[in-house]
Amino acid sequence: QVQLVESGGGLVQAGGSLRLSCAASGRPTGRYAMGWFRQAPGKERDFVADINRLDGRTYYADSVKGRFTISRDNAKNTVYLQMNSLKPEDTAVYYCAASNNWYGPRVPERGYDYWGQGTQVTVSS
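Quick summary incoming for the structure in this document.

Conventions used here
Residues numbered from 1 in each chain as written. Predicted model: local features only at pLDDT ≥ 70, side-chain atom pairs only at ≥ 80, totals over all residues. Heavy atoms only, no water. Salt bridge = Lys/Arg side-chain N within 4 Å of Asp/Glu carboxyl O. Buried < 20%, exposed > 50% of the residue type's maximum accessible area, 1.4 Å probe, protein only. Phe/Tyr/Trp six-rings, centres within 6.5 Å; stacked < 30°, edge-to-face > 60°. Lys NZ or Arg CZ within 6 Å of the ring centre and 35° of its normal. Disulfide = S-S within 2.5 Å. Helix = DSSP H or I, 4+ residues; strand = E, 2+ residues; numbered from the N terminus. Pairing = 2+ DSSP bridges. Axes fitted to C-alpha atoms, helices over the stretch in contact; angles between N-to-C directions.

Another aspect to go through is the pattern of salt bridges. According to the stated counting rule, one finds five salt bridges in the structure shown. Across the pair Arg-57 and Asp-55 runs a salt bridge whose closest N-O atoms are separated by 2.7 Å. Since its relative accessible area comes to 47%, Asp-55 is described here as partly exposed. Members of the salt-bridge network, linked through shared partners, are Arg-38, Arg-67 and Asp-90.

Turning to the packing of aromatic side chains, a few remarks are in order. Given two aromatic rings, their pairing is described by the distance between the two centres and the angle made by the two planes. Scanning all chains against the criterion turns up six aromatic pairs. Of the aromatic side chains, those joined through ring pairs into one cluster are Phe-37, Phe-47, Tyr-59, Tyr-112 and Trp-115. Looking at Arg-45, its charged tip hangs above the ring of Trp-115, at a distance of 3.7 Å from the centre. Taking the ring centre of Tyr-103 as reference, the NZ or CZ of Arg-53 above it sits at 4.4 Å.

Turning to the state of the cysteines, a few remarks are in order. Tallied over the full model, the rule gives one disulfide. Bridging Cys-22 to Cys-96, the disulfide has an S-S length of 2.0 Å. Looking along the S-S bond of the Cys-22-Cys-96 disulfide, the torsion reads about 55°, which is the right-handed sense. Here the residue Cys-22 occupies a position in strand 3 (residues 18–25), and Cys-96 occupies one in strand 9 (residues 92–99), the gap between them amounting to 74 residues. With respect to class, Cys-22 is no different from Cys-96; both count as buried.

Next up on the list: the sheet that holds strand 7 (residues 68–73). The antiparallel open sheet is built from four strands, whose spatial order is 1-3-8-7. Edge positions in the sheet fall to strand 1 (3–7) and strand 7, since each has one partner strand and no second. Averaged over all adjacent pairs, the angle separating strand axes in this sheet is 15°, with direction ignored. Pairing of strand 1 with strand 3 involves five bridges; the strand directions are antiparallel. If you follow Leu-4 over to strand 3, its bridge partner there is Ala-24.

Once that is clear, we can look at unusual backbone geometry. Between Gly-104 and the following residue, Pro-105, the backbone shows a cis peptide bond with an omega angle of 0°. Checked against the element boundaries, Pro-105 lands in the loop between strand 9 and strand 10 (114–115). One non-glycine residue, Asn-77, adopts positive backbone phi at about 55°. Among the secondary structure elements, Asn-77 is positioned in the loop between strand 7 and strand 8 (78–83). Positioned with a positive phi, Ser-85 is a non-glycine residue whose angle comes to about 50°. The residue Ser-85 is located in the loop between strand 8 and strand 9 in this model.

Structure, rendered in structure tokens:
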């Protein structure tokens, strides 16, 4: 069992940056593939990025490729999402997730076992 808590969301102008953190407790994050998802108002939850549990390989949604970077610090049990060149369409609640059975990257959403409560990111134009 692992508990995930996101932080770092907020209000930022278009073109700005934010770094989200996902702190895990209960079991070391090194045991899990980790991912970030987001859900905008009135829309379904979408994949953003994920990272392999062992070798750090990553995978990104086309909409964020080149702007967002996922990383992990297993010593701190934390996964990060660095978001640069933010756009109004990036506005959403961002969730981190952990997969116990997949190595990643490219873990399907159904492959995630644990989810955080989310952190709001709002990008103004």
